[in-house]
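Take a look at the letters that make up each chain.
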Amino acid sequence: NGNYEEFKNDPVVYNEFDKAYITFVYKGVNDDIDKFADLFISKNASLCFSTYSENLLNIASNRTETKQDVALRIQKSGGEILSQNYQVATAEKLNNSEFMYEYYAVAMQKLKNMGLDVNGILFPSGNDQIMGSPDSAKWVYSTYDYSDLYGEPYDGLEAFSSVYNRWSGTGLNDFNNDTKEIKTYIDKLIQNREWVVLYFEGLSDVNIETVSEVLDYINSKGTDTIEVVTYKKMYDRFAEKESVINNTVKTYYVSADGTGWDGTDIEDPISLDVLNTNKIKTGDTVLFK
């Protein structure tokens, strides 16, 4: 955010991590999610699953569960479900409030209706997809809990190089199942006490055996050295350091024909539906036209 340079040397606000943190994200629609869910649960490691509701209605590769069943197992075991969109957000659609509301708020609500506790969002790529626009950033801010903390500066066009799209770090497919190379990467992560995200799209990216060996290697280092975490766990643990800077009291303007995304401008009110997706906090004011 704009205060990054000002506050990064303030030990109350910006601290180095006490150890290394690593987040594994299964992103995609493949049916083999159950195989990786079984593996992470058996290793007592948290897995993030980025998906959308329509995908969860399909049968997993074990042919005995839907992917919704698998998602619920992941969540119950301490993993996290992240909202994902499969529609393409073009420049024209970014100016359509109805599309944007469905793209962000409805997509999340559908997952919540399936019993999933969704707080954050990740996006697929896709031809002509406009992911880092200021308009998208504003909708994400108003709908989802997470904002960038220790990632890259958050400012409009760079919004999705931050935590919303933090998988830009490293894909497990980059290592070509070379466990020695991945272990070297983890050693450097431990040395620098960083938080990174390793993403993969199932067996098309990485072997089960490779991931199993990597998780065993991480576990051998001990949780005092490196910890496998979800986004939610990181934000529950560290996000209060940024709330003093960003969480200011707001006034929201609402009207029956409102089409705004934010509602803090009296000339651009929001609808009641959009208001209900905002994270209204103690001290905020809501004014109805």
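Throughout what follows, the structure given in this document is the object of discussion. Given the structure is predicted, the values throughout are model-derived calculations rather than measurements.

### Considering the nonpolar core
Link 1 in the chain: Core analysis: the largest hydrophobic core is formed by 55 residues, its most contacted members being I22, F24, L47, L172 and F200.
Link 2 in the chain: When residues of this core are assigned to their parent elements, the largest contribution, six residues, is made by helix α6 (residues 97-113).
Link 3 in the chain: Not counting residues up to four positions away in its chain, the partners in contact with F200 are F24, V25, Y26, K27, F36, F40, L47, L172, D205 and V206.

### Observations concerning the pattern of salt bridges
Two side chains carrying opposite charge are able to pair once their charged atoms lie near each other.
Link 1 in the chain: Enumeration over the complete set of coordinates arrives at 11 salt bridges.
Link 2 in the chain: E54 is the partner of K110 in a salt bridge, and the nearest nitrogen-oxygen pair spans 3.3 Å. Of this pair, K110 sits in helix α6 while E54 sits in helix α3 (residues 53-56), placing them 56 residues apart in sequence.
Link 3 in the chain: Taking the relative accessible area as the measure of exposure, K110 reaches 32% and is therefore partly exposed.
Link 4 in the chain: Taking the relative accessible area as the measure of exposure, E54 reaches 30% and is therefore partly exposed.

### Concerning the pairing of strand β1 (residues 20-27)
Link 1 in the chain: Counting buried residues in β1 gives eight out of eight residues, a clear majority hidden from the surface.
Link 2 in the chain: A two-sided burial pattern is seen for β1, the buried positions comprising A20, I22, F24 and Y26 on one face and Y21, T23, V25 and K27 on the other.
Link 3 in the chain: Pairing between β1 and strand β6 (residues 226-228): three bridges, direction parallel. Counted as the bridge partner of I22 is V228 from β6.

### A closer look at the packing of aromatic side chains
Link 1 in the chain: Taken as a whole, this structure holds 10 aromatic pairs when the rule is applied.
Link 2 in the chain: Geometrically, the ring pair formed by F24 and F40 is edge-to-face, given 5.4 Å between the ring centres and 65 degrees between the ring planes. Highlighted residues: F24 in strand β1 and F40 in helix α2 (residues 33-42), separated in sequence by 16 residues.
Link 3 in the chain: Three or more aromatic residues link up through ring pairs in this structure, and these residues are Y26, F36, F49 and F200.

### Regarding the packing of α2 against helix α9 (residues 208-221)
Link 1 in the chain: It is at 10 Å that the axes of α2 and α9 come closest, and there the two elements cross at 20 degrees. Put simply, α2 runs roughly parallel to α9. The handedness of the crossing between α2 and α9 comes out as right-handed. On α9, the residues touching K35, F36, L39 and F40 of α2 are I208, V211, S212 and L215.
Link 2 in the chain: Partitioning the contact of α2 with α9 into residue classes produces six nonpolar, one polar and one charged.

The rules behind these values
Residues numbered from 1 in each chain as written. Predicted model: local features only at pLDDT ≥ 70, side-chain atom pairs only at ≥ 80, totals over all residues. Heavy atoms only, no water. Core = buried A, V, L, I, M, F, W, Y, C linked by side-chain atoms within 4.5 Å. Buried < 20%, exposed > 50% of the residue type's maximum accessible area, 1.4 Å probe, protein only. Helix = DSSP H or I, 4+ residues; strand = E, 2+ residues; numbered from the N terminus. Contact = heavy atoms within 4.5 Å. Salt bridge = Lys/Arg side-chain N within 4 Å of Asp/Glu carboxyl O. Pairing = 2+ DSSP bridges. Phe/Tyr/Trp six-rings, centres within 6.5 Å; stacked < 30°, edge-to-face > 60°. Axes fitted to C-alpha atoms, helices over the stretch in contact; angles between N-to-C directions. Parallel < 35°, antiparallel > 145°, perpendicular 65-115°, else oblique. Left-handed = near helix turned anticlockwise from the far one by under 90°. Nonpolar A, V, L, I, M, F, W, Y, C, P; charged D, E, K, R; others polar.

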